[in-house]
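As a plain string of letters, each chain reads:
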Amino acid sequence: MTENKNDKKIGVFVCHCGINIASTVDVDKLVEEFSKYSDVSHTENYKYMCSDPGQKLISAAIKKHKLNGLVIACCSPTLHENTFRRLSENSGLNAYLCEIANIREQCSWVHEDKTEGTKKAIKIVKTIVEKVRKNESLTPVEVPVTKKALVIGAGIAGMQAALDIADAGKKVILVEKSPSIGGHMAQLSETFPTLDCSQCILTPKMVDVAQNPNITLYTYSEIEDLEGCVGNFKVKIRKKARYIDEELCTGCGICVNKCPSKKALDEFNVELTTRPAIYVPFPQAVPNIPVIDKENCLFFQKDACRICEKVCGPKAIRFDQEDEFIEEEVGAIVVATGYDLLPITEMREYGYGKYKDVINGLQFERLLSASGPTEGEVRRPSDSKIPKDVVFIQCSGSRNPEYYKSYCSKICCMYASKHAMLYKHRVPDGHSYIFYIDIRSGGKGYEEFVQRAQEEENVVYLRGRPAKVYQEGDKMVVWGVDTLSGQQITIKADLVVLAQAIIPRNGVEELIKKLKIQTDEHGFLSEAHPKLRPVETNTSGIFLAGCAQAPRDIPETVAQASGSAAKALTLLSIDKIHHLPIVATVDEDLCSGCEICIGTCPYSAREIDEEKKIAIVNEVLCEGCGSCVSACPSSASQQKNFTDGQFEEMIKAILE
Amino acid sequence: MSEFEPKIICFFCKWCTSAGADLAGTSRMKYPPNGVVIRTLCSSRVDAEHILLAFQKGSDGILIGGCHPGDCHYQTGNYKTRRKMLLLRKYLEQMGINPERLRLEWISASEGKKLAKTMTEFTEQIKSLGPIPKFGEKEGEE
Amino acid sequence: MKKIAYYPGCTLKTTAANFEESAIESMKKFDIELEELDRWNCCGTVFSLATDDLMHHIAAIRNLIRVKEEKSNQVMTLCAMCYNTLKRSNQRVKSNQEDLDKINDFMYKEDLNYNADVDVLHLLPYLRDEITFSKIAKRVKKSLNDIKFSAFYGCTLLRPKEIQIDDPFMPTILENLITALGGETVETPYAIECCGAYQTVNQVDVVVERTKVIIDGARNQGAEAIVTSCPLCAFNLDHRQKETKKKYSKFIEMPVFYFTELLAYGLGIEFKKEWKDLHYVDPLSIFKN
Amino acid sequence: MQKEISTKKIFSKLLEKFETISGENTFNCYQCGCCSAACPVASEMDLLPSQVMRYIQIGLTDEVLNGNTMWICATCYACQARCPRGIDIATVMETLRQIKLRKNEDWTVLGKIDVDELNKLPPIALISNLRKMTG
Ligand SMILES: Cc1cc2nc3c(=O)[nH]c(=O)nc-3n(C[C@H](O)[C@H](O)[C@H](O)COP(=O)(O)OP(=O)(O)OC[C@H]3O[C@@H](n4cnc5c(N)ncnc54)[C@H](O)[C@@H]3O)c2cc1C
Ligand SMILES: Cc1cc2nc3c(=O)[nH]c(=O)nc-3n(C[C@H](O)[C@H](O)[C@H](O)COP(=O)(O)OP(=O)(O)OC[C@H]3O[C@@H](n4cnc5c(N)ncnc54)[C@H](O)[C@@H]3O)c2cc1C
Ligand code: SF4
Ligand code: SF4
Ligand code: SF4
Ligand code: SF4
Ligand code: SF4
Ligand code: SF4
Ligand code: SF4
Ligand code: SF4
């Protein structure tokens, strides 16, 4: 027996697992081997360690020998690490002093020769004994949870998430950048695949949001700043000045009618029409309170007018209103900032937005919509004629890695089909043509929907990407191809509708920087795992929903929103969160402040202590991957219970 | 002298490769016993210094296993590992160690078979390369 | 007078001498002398695209060596095809040291080792960027008097993007020149499309079809004449009108100019009879003053 | 007639040669057809540019080499300027011509052209034609 140089008292317990281990590993030999170690105070083997008598035997030994380290040589840690760590904790030994040596899955079951198996098992157990020698007692990092959620963006995704969380009895702060909630869905006419009216199904939800006592709604507001981390975020909201006293305004709309400055481009109608300087985005807007657009207001620009102030009965106009800042504390965040369309002005081959009668899909939705600028009569922008030949071009700016976006925008095959169909309903003697490359109609009832367009609505599908659109007289000429027949094609159309690529919402980069979450190369929010954690971000406590993550349609958006709400609720329904304590550490004396670790960490858990000029670890954010530790050039950084010293001893143990 | 039995150290990440090794076990696949696993949370924890130390102390081969690109539990850990390994292999070459002795494989939790195959092949390969030269000596020089 | 080394190319010395003369004369009005290289050879007219073919770049590079010999780092071209070929050959060896070395090795008899450091210019962007259209407008003696032109760019000044002189889908440089000279412009979709190019040698029909589409297209938009920026386009669109007329009896002919001719005309330089004789469709018919 | 295809025929020496000379990966093409929509002389071709790409992808290289597409192509780059996958189809056409020309199968035969006609042509027309259409 060698001398016990440290004050360790380790127990080594070797499991037979019936004959699963014992037939290929000489379990007695293992006991014999480890009893030679000076700091192994107790070692024995037993038939089934995880059985009740097995566990009792370990517990008794811990107490009897005052063990301060535990090695269980048995099956894979994925199976019983929890079992034995719990046992350890219950027997008065810190859970993190207990480790598993896997001599079953990675030894007895994969080898046949008992001598070899035994030799290897000894090495395996030895490495774990070495590790346990230097393991520290650890306590899971514990943080209380603020039981309130923040949802950013009030499109259908954000609204659904907020409603789900609120219905579960938790408070929600819902922040929307534009003057009304609703997002893009409010602009749509009818929706595939069932063609129900978008407004009809959306408006009740908007009202629910407005009336739900658990939801605090901030429209015309943006996130100014975010601090803190999972369970305890501090958020600062900028409530932009509407120049209206929201308490007093009755939403009568007189000001809007009387405003003489009517030339501002109407965002809601995708610039097909103009609106006054004081406006409500659309009739069903929530809240139904106008906002003054400073850029176009005669008072702000020329110190003139003030008509709105004069006509307002309740005297609600406040030209001197200023942006307000509101601070809130929340435990979880859902980001649902949605999408925009790739600007038509980028479409080189289709005229850079020069032609009035080349429009995007959302503009066409407005032309179809009963509440749109043409009251649902399809009239083209240039001369208000009813177009008799309409060409729809799919994949405009999508699936084009060379010039635009490499990805598929996922919903445009479907809405192009819908557009052609709805157009036929509005203009029965009209003709519609769709240029497509592939038709992607995965979804319940989607393929049938496209087939209906082809069979019943006389939509002409042409397979090929058009090369050029130009104006000739009052026609828009499309140079295309049908690759299936091998023919070049020209169509003289009255209107061309481009299914523009879906891109992340304009301006969202700034928000992302504040939230310290990640995006993919295209600016869509990154999920924590593409398959198994699709609604979480890399940052604990921040979830995502809707088109902010990737292009998707309404059903998928709603499903994902409910998913992220469930995730947020999981977090909000516990009092304290525990966090794996196997985190990175920094030795203040060794750290040179080189900041290498900071760029390495995928969770932004590393920052520089400005005073000490050294790196620190935010234990709540650290997930324990160890990237930063191996990247640290000064060996200042270590990982708890995975220190360089432990690795060194484990390596030596294998090579002895 | 009996046949040369190489000493191989395997650094496997908890989420993918170690789970793949467990699967090889539950499926009772067989492979040579030369490799012993050190389980890490992520392959990116493996430090260049660990590898150099292992070679110095007489490891004949080192196998690092991580999740497939895009599947890393920690987002980008495996990319970092790949970059590190590329550099390290160059460095090993300069030190006179055959870079083939260091191998990186993406093995997922469901690839028990790939694990067994890799273990077998790598052991064979290291056997044919022979024992690691003493530190300071170049490989191939007697 | 500012001197710029000038590479004429074969066509502007023969069938399109009018283009060269009008350019040289016009530049003099701006105190610029286009100084022809002492020695030059044909550039090859088309850039060879095969990756394994270096031989065909030698002719182009040799001309750039001539430029260096005259202690210049830039060379002016008037022909779009020369511009395209010289510029792309230069770019190819510039971005590929191995190719450059091989070419230098091959031309070991040259005194100079080429370093891919000659800038290949074309007159059209030079007019826009250096002389500027506003200055040109000020010097106009004979206005184009609201004549309606349809610009025709062809391919080699706009594609590929490495050498493009303007937006490849919506170029405006020719239109802006015409406007500066007092003319009017109409838009056609064909302005940036091909005239049929070298197919004019043995597949005349391909060019006839192009000529018909392009000129009809211009006429439909109200154009009275075409302005080109490539001597091959100029030839095809002008001279192939003969065959076009033969094939389509209803086809109406239209004068075709090279941009330098209009520039010269605007600056008050006489439109010589010899120039006119090199045209197929009478160019002078449209001038109203 | 049914065409029998096989990967052996597709991944042939010829394809290898083709990809070396052109520097293009044929399989990048996803058959959007934009090149064909853009080509100003496609009406004279017996296979559209995108069909040429497709034929090569499935190993029908002989059909392509015996067709006229590459000889009609005027190297105008209208296709290349639009191809969403960044394929240089003009170079693909040149490569096909080269494969023929390197076997001494010239397309332009000067002897067949009227001498007066030849004299009238600008040198750029003649030289470029000979460069593209003869070996
Ligand atoms: C032409 C067209 C037709 C379509 N037709 C259909 C159809 O028929 N059926 C179907 O299922 N789907 C259809 N869709 C898809 C549908 O529009 C989307 O699936 C859905 O709108 C996505 O909702 P969202 O909440 O994720 O995004 P959005 O609707 O874009 O909502 C995002 C919200 O977040 C707000 N916001 C953005 N940034 C911030 C910020 N920094 N701070 C605060 N708030 C912010 C925005 O103002 C907006 O209100 C169509 C899409 C298009 C383009
Ligand atoms: C060939 C193929 C390849 C695929 N590849 C991929 C891929 O690469 N990536 C990807 O993301 N997806 C892939 N998928 C899809 C993936 O398999 C499914 O998305 C996923 O498995 C669906 O999970 P589920 O739980 O809904 O259904 P299932 O996996 O079918 O699970 C349903 C469970 O319910 C049980 N069950 C059924 N009826 C009853 C009952 N009455 N009472 C109690 N239990 C019941 C069943 O026994 C089963 O265990 C693939 C699918 C196929 C067919
Ligand atoms: S602890 Fe693991 S190895 Fe032991 S009996 Fe239980 S399952 Fe088998
Ligand atoms: S007039 Fe006054 S009360 Fe009426 S909508 Fe305008 S601000 Fe509100
Ligand atoms: S003050 Fe401004 S918002 Fe009010 S009515 Fe006049 S222009 Fe309109
Ligand atoms: S969904 Fe259809 S139209 Fe949209 S990018 Fe994908 S394939 Fe193209
Ligand atoms: S261990 Fe990983 S998660 Fe933790 S601080 Fe280091 S890099 Fe970040
Ligand atoms: S990498 Fe190491 S030395 Fe550099 S700042 Fe981080 S902890 Fe300090
Ligand atoms: S444009 Fe490009 S991708 Fe599309 S068919 Fe032509 S070569 Fe293929
Ligand atoms: S380069 Fe050739 S194939 Fe391409 S568009 Fe021009 S003529 Fe057609």
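Note that the structure is predicted; figures quoted are calculated from it, not measured.

K.L.:
Tell me about the overall build of chain B, residues and numbers included.
P.N.:
Within chain B, the secondary structure is distributed over four helices and four strands. Taken from the N to the C terminus, the helices and strands of chain B come in the order β-α-β-α-β-α-β-α. In terms of C-alpha radius of gyration, chain B reaches 15 Å, essentially the compact-globule figure of 14 Å for 142 residues. With respect to the three principal axes, the spread of C-alpha positions in chain B is 45 × 35 × 20 Å. When burial is assessed residue by residue, chain B has 55% of its 142 residues classed as buried. For chain B, restricting intrachain contacts to residue pairs at least 6 apart in sequence, the fraction spanning at least 24 positions comes to 79%. Entry remark: accessible area of chain B is about 6100 Å², with carbon and sulfur atoms responsible for 53%. Computed over 21 positive and 17 negative side-chain charges, the separation of the two mean positions in chain B equals 7 Å.

K.L.:
For the site of ligand 4, give the residues involved together with the corresponding values.
P.N.:
All residues adjacent to ligand 4 are C249, T250, G251, C252, G253, C255, P290, C312, P314 and I317 of chain A. Split by residue class, the shell around ligand 4 holds seven nonpolar, three polar and no charged.

K.L.:
Provide a residue-level description of a positive patch on the surface, including the pertinent values.
P.N.:
Residue and element names in this part refer to chain C. Together, K29, K135, K138, R139 and K141 make up a region of like positive charge exposed at the surface. Secondary-structure assignment places R139 in helix 6 (residues 133-139). Judged by its relative accessible area of 34%, R139 falls in the partly exposed class.

K.L.:
Go over helix 7 (residues 89-101) of chain D with me, naming the residues and quoting the values.
P.N.:
All names here are of chain D. Spanning 13 residues, helix 7 covers 18 Å between terminal C-alpha atoms, matching the ideal 18 Å at 1.5 Å per step. Most of helix 7 sits out of view: 13 of its 13 residues are buried. Backbone nitrogen of A90 and a side-chain oxygen of the N-cap are separated by 3.3 Å at the start of helix 7; the cap is D88.

K.L.:
I'd like a description of the interface of chain B and chain A, backed by residues and values.
P.N.:
Facing 44 residues of chain B, the contacting portion of chain A comprises 49 residues. Together, the buried faces of chain B and chain A total about 3800 Å²; carbon and sulfur atoms form 58% of this surface. Here chain B and chain A share one salt bridge between them. Here D644 of chain A makes a salt bridge to R45 of chain B, at a shortest N to O gap of 3.0 Å. Along the contact surface separating chain B from chain A lie 18 residue pairs in polar contact (both at pLDDT 80 or more).

K.L.:
A description of the packing of helix 11 (residues 361-368) of chain A against helix 12 (residues 412-426) of chain A should follow, citing residues and the corresponding values.
P.N.:
All names here are of chain A. Their axes nearest at 11 Å, the elements helix 11 and helix 12 cross at an angle of 30°. Taken together, the axes of helix 11 and helix 12 lie roughly parallel to each other. Classified by chirality, the crossing of helix 12 by helix 11 is left-handed. Here G361, F364, E365 and L368 of helix 11 come into contact with helix 12, specifically with Y415, K418, H419, L422, Y423 and R426. Counted by class, the contact of helix 11 with helix 12 contains five nonpolar, two polar and three charged residues.

K.L.:
I'd like to hear about the sheet that holds strand 26 (residues 487-493) of chain A, residue by residue, with values.
P.N.:
Residues and elements named next belong to chain A. On the basis of which strands lie adjacent, the open sheet formed by three strands has the order 24-25-26 and antiparallel pairing. Only two strands of the sheet have a single partner each, and these edge strands are strand 24 (468-472) and strand 26. Within the sheet, the average angular offset between the axes of one strand and its neighbour, ignoring direction, is 25°. With five bridges joining them, strand 24 and strand 25 (residues 475-482) adopt antiparallel strand pairing. Paired with V469 across the two strands is V478, which belongs to strand 25.

K.L.:
Go over the confidence of the model for chain C with me, naming the residues and quoting the values.
P.N.:
Predicted confidence across chain C gives a mean pLDDT of 95, with 99% of residues reaching 70 or more. Scored as a complex, the prediction yields pTM 0.84 and ipTM 0.84.

K.L.:
An account of the pattern of salt bridges is requested, with residue identities and associated values reported.
P.N.:
With the rule as written, the count across this model stands at 78 salt bridges over all chains. With a shortest N-O distance of 3.5 Å, E610 of chain A and K613 of chain A are connected by a salt bridge. For the pair shown, E610 of chain A and K613 of chain A are each scored as exposed. Taking the shortest distance from any N to any O, the salt bridge between R102 of chain D and D52 of chain C comes out at 2.7 Å.

K.L.:
So, the pairing of strand 7 (residues 225-228) of chain C: which residues are in play, and what are the values?
P.N.:
Residue and element names in this part refer to chain C. Of the two faces of strand 7, both are covered, the one formed by A225 and V227 as well as the one formed by I226 and T228. Relative to strand 7, strand 5 (residues 148-152) is paired through four bridges, and the arrangement is parallel. Bridging across to strand 7, F149 finds its partner in A225.

K.L.:
Can you explain the packing of aromatic side chains? Please cite residues and give values.
P.N.:
If you walk through the whole model with that rule in mind, you get 25 aromatic pairs over all chains. A centroid spacing of 6.3 Å and a plane angle of 45° characterise the contact between F647 of chain A and F11 of chain B, whose relative ring orientation is tilted. Of this pair, F647 of chain A sits in helix 18 (residues 644-655) while F11 of chain B sits in strand 1 (residues 8-13), each in a different chain. Each member of the pair, F647 of chain A as well as F11 of chain B, is classed as buried. Note on F149 of chain C and F257 of chain C: the rings are 6.2 Å apart at their centroids and 75° apart in plane angle, and the pair reads as edge-to-face. Of this pair, F149 of chain C sits in strand 5 while F257 of chain C sits in strand 8 (residues 256-258), and the two are 108 residues apart along the sequence. Given a relative accessible area of 0%, F257 of chain C falls into the buried group. Pairwise contacts between aromatic rings join F149, F257, Y265, F271, W275 and F287 of chain C into one cluster.

K.L.:
If you had to explain unusual backbone geometry to someone new, which residues and values would you point to?
P.N.:
Along the chain, V286 of chain A connects to P287 of chain A via a cis peptide bond; the corresponding omega equals 0°. That bond from R159 of chain C to P160 of chain C is cis: its omega, -10°, falls within 30 degrees of zero. Along the polypeptide, P160 of chain C turns up in the loop between strand 5 and helix 7 (173-180). Despite not being glycine, D303 of chain A shows a phi value in the positive range, around 55°. Here D303 of chain A falls in the exposed class, since its relative accessible area comes to 61%. You will see that S604 of chain A, though not glycine, has its phi angle at about 50°, which is positive. Note that S604 of chain A resides in the loop between helix 16 (596-600) and strand 32 (606-609).

K.L.:
Hey, could you go over helix 3 (residues 80-94) of chain C for me, with residue numbers and the actual values?
P.N.:
An ideal rise of 1.5 Å per residue puts 21 Å on 15 residues; helix 3 of chain C measures up with 21 Å between its terminal C-alpha atoms. Most of helix 3 of chain C is tucked away, with 13 of its 15 residues classed as buried.

K.L.:
Describe the interface of chain C and chain A, and please don't skip the residues or the numbers.
P.N.:
Often, the extent of an interface is quoted as the loss of accessible area upon association of its parts. With eleven residues of chain C at the interface, the matching set in chain A holds twelve residues. Summing the contributions of chain C and of chain A, the shared interface buries around 980 Å²; its carbon and sulfur component is 55%. Among the residues of chain C in contact with chain A, F169, M170 and P189 of chain C are the three that bury the most area, contributing 52% of the side total. Counting across the interface, chain C meets chain A through three salt bridges.

K.L.:
An account of the site of ligand 7 is needed here, citing residue identities and associated values.
P.N.:
Every residue near ligand 7 is listed here: A584, C601, Y603, A605, R606, C622, E623, G624, C625, G626 and C628 of chain A. Looking at the shell around ligand 7 residue by residue, the class counts come to seven nonpolar, two polar and two charged.

K.L.:
Mind laying out the pairing of strand 3 (residues 74-77) of chain C, listing which residues take part and the relevant values?
P.N.:
Residue and element names in this part refer to chain C. For strand 1 (residues 2-7) and strand 3, the ladder comprises two bridges, and the chain directions are parallel. If you follow Y7 over to strand 3, its bridge partner there is T77. Sheet analysis places strand 3 next to strand 4 (residues 119-122), joined by four bridges and oriented parallel. Along strand 4, the bridge assignment pairs M76 with L121.

K.L.:
Give me the arrangement of the chains: which residues, what numbers.
P.N.:
Kept free of each other, chain B and chain C leave a smallest C-alpha distance of 26 Å between them. A gap remains between chain B and chain D, with no contact made and the closest C-alpha atoms lying 22 Å from each other.

Cut-off values and rules
- Residues numbered from 1 in each chain as written.
- Chains lettered and ligands numbered in written order.
- Predicted model: local features only at pLDDT ≥ 70, side-chain atom pairs only at ≥ 80, totals over all residues.
- Heavy atoms only, no water.
- Helix = DSSP H or I, 4+ residues; strand = E, 2+ residues; numbered from the N terminus.
- Rg over C-alpha atoms; globule rule 2.2 N^0.38 Å.
- Buried < 20%, exposed > 50% of the residue type's maximum accessible area, 1.4 Å probe, protein only.
- Contact = heavy atoms within 4.5 Å.
- Areas by Shrake-Rupley, 256 points an atom, 1.4 Å probe, with all protein chains shown as cover.
- Lys, Arg positive; Asp, Glu negative; His and termini not counted.
- Charge placed at Lys NZ, Arg CZ, Asp CG, Glu CD.
- Near = heavy atom within 4 Å.
- Nonpolar A, V, L, I, M, F, W, Y, C, P; charged D, E, K, R; others polar.
- Patch = residues over 30% accessible without salt bridge, like charges linked within 9 Å, V, L, I, M, F, W, Y side chains within 5 Å.
- Salt bridge = Lys/Arg side-chain N within 4 Å of Asp/Glu carboxyl O.
- Expected span 1.5 Å × (residues − 1).
- Polar contact = N/O pair within 3.5 Å; in protein donor to acceptor, adjacent residues only side chain to side chain.
- Buried area = accessible area lost by both parts, 1.4 Å probe.
- Axes fitted to C-alpha atoms, helices over the stretch in contact; angles between N-to-C directions.
- Parallel < 35°, antiparallel > 145°, perpendicular 65-115°, else oblique.
- Left-handed = near helix turned anticlockwise from the far one by under 90°.
- Pairing = 2+ DSSP bridges.
- pLDDT = per-residue confidence, 0-100.
- Phe/Tyr/Trp six-rings, centres within 6.5 Å; stacked < 30°, edge-to-face > 60°.

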